[in-house]
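# Analysis of the macromolecular model
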Amino acid sequence: MLCRFGRACPTRKADELLADVVYQKPTRWNVYQEETYLLSKRLRGITSICLVLRRKVHIKGFSFQPVNRAFERNFAAESDRIYGDAFTIRDDKSVEGIGNNVSLEFEPMDFTDAGASRLIVYGRSPIDRNTIHIRFAGPDGERTQTVDFTYSDGYEERVFELDRIAGMRKVTFLFLPGSNFDFGWFRFEK
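Residues numbered from 1 in each chain as written. Predicted model: local features only at pLDDT ≥ 70, side-chain atom pairs only at ≥ 80, totals over all residues. Heavy atoms only, no water.

Right, let's talk about the pattern of salt bridges for a bit. Counted according to the given criterion, the structure contains 13 salt bridges. Across the salt bridge formed by Arg81 and Glu105, the nearest N and O atoms sit 2.6 Å from each other. In this pair, Arg81 is assigned in strand β5 (residues 81-83) and Glu105 in strand β8 (residues 102-110), connecting sequence segments 24 residues apart. Judged by relative accessible area, which is 36%, Arg81 ranks as partly exposed. Note on Glu105: relative accessible area 6%, which makes it buried. Its salt-bridge partner being Glu96, residue Arg90 comes within 3.2 Å of it at the nearest N-O pair. The class of Arg90 is partly exposed, set by a relative accessible area of 42%. Among the residues examined, Glu96 registers a relative accessible area of 16% and is labelled buried. (Salt bridge = Lys/Arg side-chain N within 4 Å of Asp/Glu carboxyl O. Helix = DSSP H or I, 4+ residues; strand = E, 2+ residues; numbered from the N terminus. Buried < 20%, exposed > 50% of the residue type's maximum accessible area, 1.4 Å probe, protein only.)

Now the structure itself:
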């Protein structure tokens, strides 16, 4: 049996193939057998899924495994909220031309009890220095830390040491007046 998650449904043109998989478990009468598949990209929000099958099947249901975003690569354009005076979202991944009073919010991020003490930022700075304010909001209040991303010709990966952050947090990247930054992605590390 062949399952195509997200394959173009007959009535929609803009759909995207997320997985082309084969279910190979032997047939057992009246028994549902679980199988796990990895999709080609992370799904967000309310999403329609179309399954295209070669023959008749009975599906009891399906579920998705949530990802702990805190230790994954997070593209800037995948923020939960972005607002401010000047920015442009490019190719559903990067946010460029980040200027005056722009905020990118990511929530929830679970840093667990182990926490994180490093931040990797992939970006580009056409000016000498972009100060990035990182606000960590949780049940015990807010803490802000800053990092300086200095001039770069192209996109570069930079590693910054942070004071340890642990537990469940909303993370906001804040850019104040004078900023001019192109933000590709970020990831926290222990």
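Having put the structure on the table, let's press on.
Below, the discussion takes up the pairing of strand β11 (residues 141-150). Across ten bridges, strand β10 (residues 129-138) lies against β11 in antiparallel orientation. Within the sheet, the bridge partner assigned to Arg129 lies in β11 and is Thr150. Between β10 and β11, which follow one another and run antiparallel, lie two residues. (Pairing = 2+ DSSP bridges.)

Turning our attention to the side chain of Glu96. Counting through the fold element by element, Glu96 comes out in strand β7 (residues 94-98). There is a polar contact of 3.4 Å between the side chain of Glu96 and the side chain of Arg124. The residues touching Glu96, leaving out its near neighbours within four places in the chain, are Phe87, Thr88, Arg90, Arg124, Tyr155, Phe181 and Asp182. (Polar contact = N/O pair within 3.5 Å; in protein donor to acceptor, adjacent residues only side chain to side chain. Contact = heavy atoms within 4.5 Å.)

With that settled, consider the side chain of Ser125. With respect to the element layout, Ser125 can be found in the loop between β9 (116-124) and β10. Using a relative accessible area of 0% as the deciding quantity, one classes Ser125 as buried. Aside from chain neighbours lying at most four places away, what touches Ser125 is Asn130, Phe149, Thr150, Tyr151, Ser152, Asn180 and Phe181.

With antiparallel pairing, five strands are arranged side by side in an open sheet as β5-β8-β13-β10-β11. Each edge of the sheet is formed by a strand with only one pairing partner; in this case those strands are β5 and β11. Strand-to-strand, the axes of this sheet are offset by a mean angle of 20°, without reference to chain direction. Relative to strand β13 (residues 168-175), β8 is paired through seven bridges, and the arrangement is antiparallel. By the bridge assignment for β13, Asp110 is matched with Met168. (Axes fitted to C-alpha atoms, helices over the stretch in contact; angles between N-to-C directions.)

With that settled, consider the environment of Val52. Its location among the elements puts Val52 in strand β3 (residues 51-52). Classification of Val52 by relative accessible area gives partly exposed; the value is 32%. As a C-alpha pair, Val52 and Asp20 span 32 residues in sequence and 9.6 Å in three-dimensional space.

Working note: regular strand, side chains alternate between the two faces of the sheet. Across six bridges, the pairing between β10 and β13 is antiparallel. Following the sheet pairing, Arg135 is matched in β13 by Thr172.

The next point concerns a nonpolar patch on the surface. A cluster of nonpolar side chains, Leu53, Ile59, Phe62 and Phe64, forms an exposed patch at the surface whose accessible area comes to about 400 Å². Within the fold, Phe64 resides in the loop between β3 and β4 (74-75). For Phe64, a relative accessible area of 48% translates into the label partly exposed. (Patch = residues over 30% accessible without salt bridge, like charges linked within 9 Å, V, L, I, M, F, W, Y side chains within 5 Å. Areas by Shrake-Rupley, 256 points an atom, 1.4 Å probe, with all protein chains shown as cover.)

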